[in-house]
Amino acid sequence: MKKIKIRQGTVQEVAELSKKVTEFFQPFSEKTYEDRLKDTIHLTLIAEVDDKPVGFKVGYQRDSPELFYSWMGGVLDSYRRMGIATKLADEQERWARNHGYLKVYFKTRNRFSKMIHFGLNRGFKIVDLIKKGGIEDYRIVMEKVL
């Protein structure tokens, strides 16, 4: 079993990794990440295997001081099924809890059933459905009490 290391990372690392995540049809640019995170409390995590960045998770305070929004995340295809997404989520939730957040939430699309299952398996509940585009693009909003 390879050793997985989770550390804080940079927007540049996240933007580069996101270009390699197959589900991201139009990955966000470094500027988009910078603009979204500017002037807000945020956390940028990088997962490494053998000192190689293979996954990331980005979140920030949104809507209220009690809510932490898990905005973007992904793991490279060849490193999936190793528990990397779980370790990233565990660290993000630990950090959020330690910084006084009461809930963490995320949005995914109806087409990403693996992400919906991942959230349900981690104790998230579906709290909203946003009808936007075709049915496959409907947004599923999931929330977890920390």
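As the structure is a computational prediction, the values presented were derived from the model and not from experiment. The residue numbering used here restarts from 1 in each chain and proceeds along that chain's sequence as written. Local features in this predicted model are restricted to residues of pLDDT 70 or higher, and side-chain atom pairs are both shown and tallied only at a pLDDT of 80 or more, whereas totals for entire chains, interfaces and linings draw on every residue. In computing side-chain values, all of the structure's heavy atoms are included and hydrogens and water are not.

## Details of the overall build of the protein chain
The condition is simple: Strands are runs of DSSP state E lasting at least 2 residues, helices are runs of H or I lasting at least 4, and numbering of each runs from the N terminus. Computation of the radius of gyration draws on C-alpha atoms alone. For the globule rule, the value is 2.2 Å times the number of residues to the power 0.38.
The helix and strand tally for the protein chain stands at four helices and seven strands. Secondary structure elements of the protein chain occur, N-terminal to C-terminal, as β-α-α-β-β-β-α-β-α-β-β. Relative to the 2.2 N^0.38 estimate, which gives 15 Å for 146 residues, the radius of gyration of the protein chain is 15 Å and therefore close to what a compact globule would have. Expressed along its principal axes, the backbone C-alpha trace of the protein chain runs to roughly 40 × 35 × 30 Å.

## Re the packing of aromatic side chains
The test is simple: Aromatic pairs are defined between Phe, Tyr and Trp rings, using the six-membered ring for Trp, whenever the two ring centres lie within 6.5 Å; interplanar angles under 30 degrees are classed as stacked, those over 60 as edge-to-face, and all others as tilted. Using a 1.4 Å probe on the protein chains alone, a residue whose accessible area is under 20% of its type maximum counts as buried, one over 50% counts as exposed, and one in between counts as partly exposed.
The full count for this structure, using the stated rule, is 10 aromatic pairs. Ring geometry for tyrosine 60 against tryptophan 71: centres 6.0 Å apart, planes inclined by 80°, an arrangement best described as edge-to-face. Pair noted here: tyrosine 60 is in strand S3 (residues 52-61) and tryptophan 71 is in strand S4 (residues 67-75), with a separation of 11 residues, a long-range link. Taking relative accessible area as the criterion, tyrosine 60 reaches 5% and is therefore assigned buried. The class of tryptophan 71 is buried, set by a relative accessible area of 8%. Here the aromatic rings of tryptophan 95 and tyrosine 101 are separated by 6.3 Å at their centres, their planes lie at 25°, and the arrangement is stacked. Just as tryptophan 95 is buried, tyrosine 101 falls in that class too.

## Things to note about the pattern of salt bridges
To be explicit about the condition: Put simply, a salt bridge is a Lys or Arg side-chain nitrogen that is within 4 Å of an Asp or Glu carboxyl oxygen.
Within this structure, the stated rule accounts for 13 salt bridges. A salt bridge links lysine 5 to glutamate 48; the shortest N-O distance between them is 4.0 Å. Of this pair, lysine 5 sits in strand S1 (residues 4-8) while glutamate 48 is found in strand S2 (residues 42-49), placing the two residues 43 residues apart along the sequence. Owing to a relative accessible area of 8%, glutamate 48 belongs among the buried residues under this scheme. Measuring nitrogen to oxygen at the nearest pair gives 2.7 Å for the salt bridge that ties lysine 144 to glutamate 93. You can see lysine 144 sitting in strand S7 (residues 139-145) and its partner glutamate 93 sitting in helix H3 (residues 84-98), a full 51 residues away along the chain. Like lysine 144, the residue glutamate 93 is buried in the burial classification. Among the charged side chains, a salt-bridge network with shared partners connects Lys5, Arg7, Glu13 and Glu48.

Distances and angles like these do not, on their own, reveal function.
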